[in-house]
Amino acid sequence: MLIFPAEFPLELLRKTKKTLLMRRSYRRLALLLMAGIFSIAAFAQNITIFGTVRNNSTKESIPAVSVTVKGSDAGTYTDENGNFKITVARLPVTLVFTSIGYEAKEVEVTNASQVIAVDLTGSTSLGQEVVVAATRAPQRILETPVTVERMNNTAIRTAAAPNYYEALTNLKGVDMHTASLTFRTVTTRGFLSSGNTRLNQLIDGMDNQAPGLNFSVGSVIGLTELDVDNIELLSGASSALYGSGGMNGTLLINSKNPFKFQGLSFNIKQGLNHIDNERGAISPYYDWGVRYAKAYKNKLAFKLAAQFVNANDWQADDYRNLQRNNVISKVIGGDRWSDPNYDGVNVYGDQVSANMLAIAQSYQFSISSNALSQAFAQFASGGATNNFVLVTNNALAGIPSASAYNTYFSQITSFVNAVPGLTPQQRLDYLTAVAGYLPINVGIRNSWFPRSQNVSRTGYEEKYLIDYNTINFKFTGGIHYKITPGIEASFNSYMGTGTTAYTAADRYSLRNLKMAQHKLEVKAKNWLVRGYTTQENAGESYNATALASLINESWKPSTTWFPQYIANYSGYILNTYQAGFAPDFYNAHLFARSKADSGRLLPGTVAFENAAKNVKKGPIPKGALFLDRTDLWAAEAQLNLSDAAKFSNIVEVIIGGGWKQYVLNSKGTLFIDTAGAIKIAEYGGYAQLKKKFLKDIFTITLAGRYDKHDNFKGRFTPRLTLVSKIANENFLRFSYQTAYRFPTNQDQYINLNTGTAYLVPMFADILDAIYKINTNPIYTAESIEAARATGNPNLLVTTYPQKVKPETVESFEGGYRGLIAKKVLIDAYVYTSKYNNFLGRVAVGQSLTGSPAGVLNPFTTRNMSYIQNTNQEIKAFGWGFGTEINLPKNLVLYGNLYSDRIYNVPDNYVTYFNAPEYRVNVGLRSDNIYKNIGFNVVVKWQDDVFYEGTFATGTLPSFTWVDAQVSYKMPKTKSTFKLGGTNIGNSYYRTGFGSPYVGAVYYISYGYNL
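Residues numbered from 1 in each chain as written. Predicted model: local features only at pLDDT ≥ 70, side-chain atom pairs only at ≥ 80, totals over all residues. Heavy atoms only, no water.

J.: Could you clarify how one ought to interpret the packing of helix α10 (residues 544-555) against helix α13 (residues 606-617) in this entry?
T.: Packed helices, taken two at a time, are described by the angle between their axes plus the distance between the axes. Viewed as axis vectors pointing N to C, α10 and α13 meet at an angle of 120 degrees, and their least axial separation amounts to 9 Å. In terms of axis orientation, α10 runs oblique to α13. Considering the relative orientation of α10 and α13, their crossing is right-handed. Residues Ala-546, Leu-547, Leu-550, Ile-551 and Ser-554 of α10 form the contact with α13, whose own contacting residues are Phe-608, Ala-611, Ala-612, Val-615 and Lys-616. When grouped by side-chain class, the residues that make up the contact of α10 with α13 number eight nonpolar, one polar and one charged. (Axes fitted to C-alpha atoms, helices over the stretch in contact; angles between N-to-C directions. Helix = DSSP H or I, 4+ residues; strand = E, 2+ residues; numbered from the N terminus. Parallel < 35°, antiparallel > 145°, perpendicular 65-115°, else oblique. Left-handed = near helix turned anticlockwise from the far one by under 90°. Contact = heavy atoms within 4.5 Å. Nonpolar A, V, L, I, M, F, W, Y, C, P; charged D, E, K, R; others polar.)

J.: Sorry if this is basic, but what is going on with helix α11 (residues 558-578) here?
T.: Since the α-helix packs 3.6 residues into each turn, any two residues three or four apart lie on the same face. Along its 21 residues, α11 runs 30 Å from first to last C-alpha, staying within 8% of the 30 Å computed at 1.5 Å per residue. Just downstream of α11 lies Gly-580, where phi reads positive at about 90 degrees. (Expected span 1.5 Å × (residues − 1).)

J.: How do you make sense of the pattern of salt bridges when you look at a structure like this?
T.: A pair can form between side chains of opposite charge whenever their charged atoms are brought close. If you walk through the whole model with that rule in mind, you get 39 salt bridges. Among the ionic pairs, Glu-521 bridges to Arg-530, the shortest N-O distance being 2.7 Å. Comparing Glu-521 with Arg-530 shows no difference in burial state: the two are buried. Of the charged contacts in the structure, one is a salt bridge between Glu-813 and Arg-733, with a shortest N-O distance of 3.8 Å. Residue Glu-813 is found in strand β41 (residues 807-820), and its partner Arg-733 is found in strand β36 (residues 730-741); the two are separated by 80 residues along the sequence. The pair formed by Glu-813 and Arg-733 is uniform in burial state, with each residue classed as buried. Salt bridges here are not isolated pairs; linked through shared partners, they connect Glu-149, Lys-172, Arg-189, Arg-733, Glu-813, Arg-817 and Asp-827. (Salt bridge = Lys/Arg side-chain N within 4 Å of Asp/Glu carboxyl O. Buried < 20%, exposed > 50% of the residue type's maximum accessible area, 1.4 Å probe, protein only.)

J.: What is the right way to read a nonpolar patch on the surface from this model?
T.: On the surface, Ile-929, Tyr-930, Ile-933, Val-966, Tyr-968, Met-970, Phe-977, Leu-979 and Ile-1004 cluster together into a nonpolar patch covering about 790 Å² of accessible area. Those elements that place two or more of their residues in the nonpolar patch are β47 (918-930), β51 (959-970) and β52 (975-982). A total of three residues in the nonpolar patch trace back to one element, the largest contributor, which is β51. The topology assignment puts Leu-979 in strand β52. (Patch = residues over 30% accessible without salt bridge, like charges linked within 9 Å, V, L, I, M, F, W, Y side chains within 5 Å. Areas by Shrake-Rupley, 256 points an atom, 1.4 Å probe, with all protein chains shown as cover.)

J.: What is the right way to look at the sheet that holds strand β4 (residues 83-88) in this model?
T.: By way of backbone hydrogen bonds, the strands of a sheet pair with one another, either parallel or antiparallel. In space, the three strands of this open sheet follow the order β4-β1-β7, with mixed pairing throughout. Taken across any chain shown, the strands that pair with only one partner, and hence form the sheet edges, are β4 and β7 (116-120). For this sheet, the mean inter-axis angle between neighbouring strands, taken without regard to orientation, is 30 degrees. Pairing of strand β1 (residues 47-55) with β7 involves five bridges; the strand directions are parallel. (Pairing = 2+ DSSP bridges.)

What follows is the structure in structure tokens.
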């Protein structure tokens, strides 16, 4: 009942009553709306929970701990001081705290008025780390169906190595080729080389290859040291999920998310190398890095990171002698003084070689066909039609006396001076030519030029050609925005520039190389979409062999140098005969070289430096400069269909796809793109089904991918795996995997004069358009050698490029991974692989005269090589064993042993497998052995290996080296001091021919907030 004051007007009461009666039918609806509004208001309330997370035993704050609201997508991370804040809609809630190396903990929060303190208890992380490489979905590494190696942030930070990329050599199954201080190439299961086209390297999901080179430039272009969160390495065939190039593995390097890793971090590392002055003067090593990240209200975050590395690089100084062809070479005996055809491994310009007899005969022909020589022939023979060669042969029959020789030359001089209409320069040129010809003629008639004897030009050592001032500057920056608590958008840029060197068919100085990658990405728990581009700029990069050869040619052309050499060689022998002595062929070569090299440009002189500068500025083929501006554009998407559709408890289904387009743009210095850029596209899609059976004892995964390339038919690569849980935390794995690789962009479109040969496209129609191979055939290198050895062009064998198919591999693998007593982790595998349509390079030659006889003379031969398939199946076999054991007093013993072999290889076929048969790593570490002092030491050994490379072939000896570091942490100031060294015994070793011997680097560093 309503009670009104006495003065309340009755009329107003009646109107109010009427109004209430009229609205009676709406009362319930109004009440419902009010209840909804209050419910929304209550839901919209922002309740912020503050807290801190510490280590239960040391009471140190723990950064980057994941803090999530149980049952929702909401979450955050602790900052660099272990503090966090998270906003929830209502209380109570349960917060879940997780971090690697600690037991997960749940805390129920009913009151947000106080700061909550959470202590996490340390636990073993053996086998508990989560990886995504194996199946493109998160899973514990213990349960992965294939071999996967992982380095987390802690392992990277405490590694006994100067940087995270070098630390990869501690992983099981990994081989690394060191071409320079900053250019290192990773591979697994063989096929080690500088610049690996058989392994994919992904940075935050992006293909990290330099598009013009078709392989990753080590860590020169990529993440800075302080911005690397973790690394995952998928060994062996991986095309079923990662596409072309995953023949021997896929390396995933992932950066730190700015929401998780916040604050300022920096690391100043100073060191020394070349400490014994054996291969360069002792020099400083600098490695400075900084990173800053900040998040705002767990909605917006950004990060900036930079790193600068500078040092005097390792010098390649192998001066042994090579026997070379235009595909592969081998080491032989001899040096510059004992072998006239000396070709030093790391000496360039001396690969320009010619046969003495062929040059002598060619020079003889050029003189006899000269119009003036014809006139002289008629004059000297009293008007007869004899040519100059016959007249000279008659006059210089046998070995003439000194007086007869001088008399004949005086007659020639008188005749030349009497010919009317010649300029003084013409007279001088002709007399010079004849003066050179006469002793050559005598040498031909008396067989002083063995048919097998070649002579090479005098070259320059690498140290005078390569820029050893190694510099690498990297910068990364990104901005991240959470569209919803579970959907994050980001834009990141990765830029790098520097100077380094790498080894291929020649040594290349990548000077002021620049590359940038830009990525836009949106991702959620069960899907992602990304697009990115890679922009490459070769800067001032050049070919060392071309540089040396063109310096020589700029001073004295080979068409002049070789005849001078041969004439002086023959003249020296002639003089010894005329003096009554036996011929001295050894000193004849030394004398001939001294005369031909008289006035040669010498390193360190102004003339040499000016010549080198001019050649470096000139684009190939007239200079040594690359003008590569090749780009890559790519887009990818992935969806965990079963997770999104809420049936992942039945079967997990992942689908995805991608597209790439390469834009080749070298202005003719690398590719056949003189007419404009060449665009090549490839695209593909994949699907994966994963199902557990018999109470999760068995897990079967079936995956497959289809890829199409503009120039090749589509490829389907399946994968089938089985994981069996044989005991708690113990698993067996079995897999059938396939992979393939399309020929690289360089294989398809390269047209590069390396100084010794032309690397040419593999397409027959393109070769014919450029080199007219249909009308001017090409001959096998083996038949050219046989024809030159005998002087018989009938021994030449023609060949023709065949259509090239993608190379494929099938691999069967079995493995075991298990955790014993929570203290011993064991991982072992064995595999066998079959390679088909193996891609190898074929050496050929083409006559520059149009006549087959032209290839008998090196000066009239174009050496070429191109990619072809082999018809024979090639097999490989390998195994590996690794363990990690937690010992008392925070000690961890770790190690691995692995082996790879190749067999069923055709005779004389080059595979470039290059894996030592056995490799061993054994280490001991502790993050805190005593009062915040930690250490890590690892001993490495690898077997000798018969190394096959386009640079050279031969046996590299086995070697042992030790890496070590000791650290001291000051938790209150977030400081870490480290003293360490790699290859601390300073025993120089090499991992490939043509590449440098690598010695020790000793360093000390101070890091803040690492």
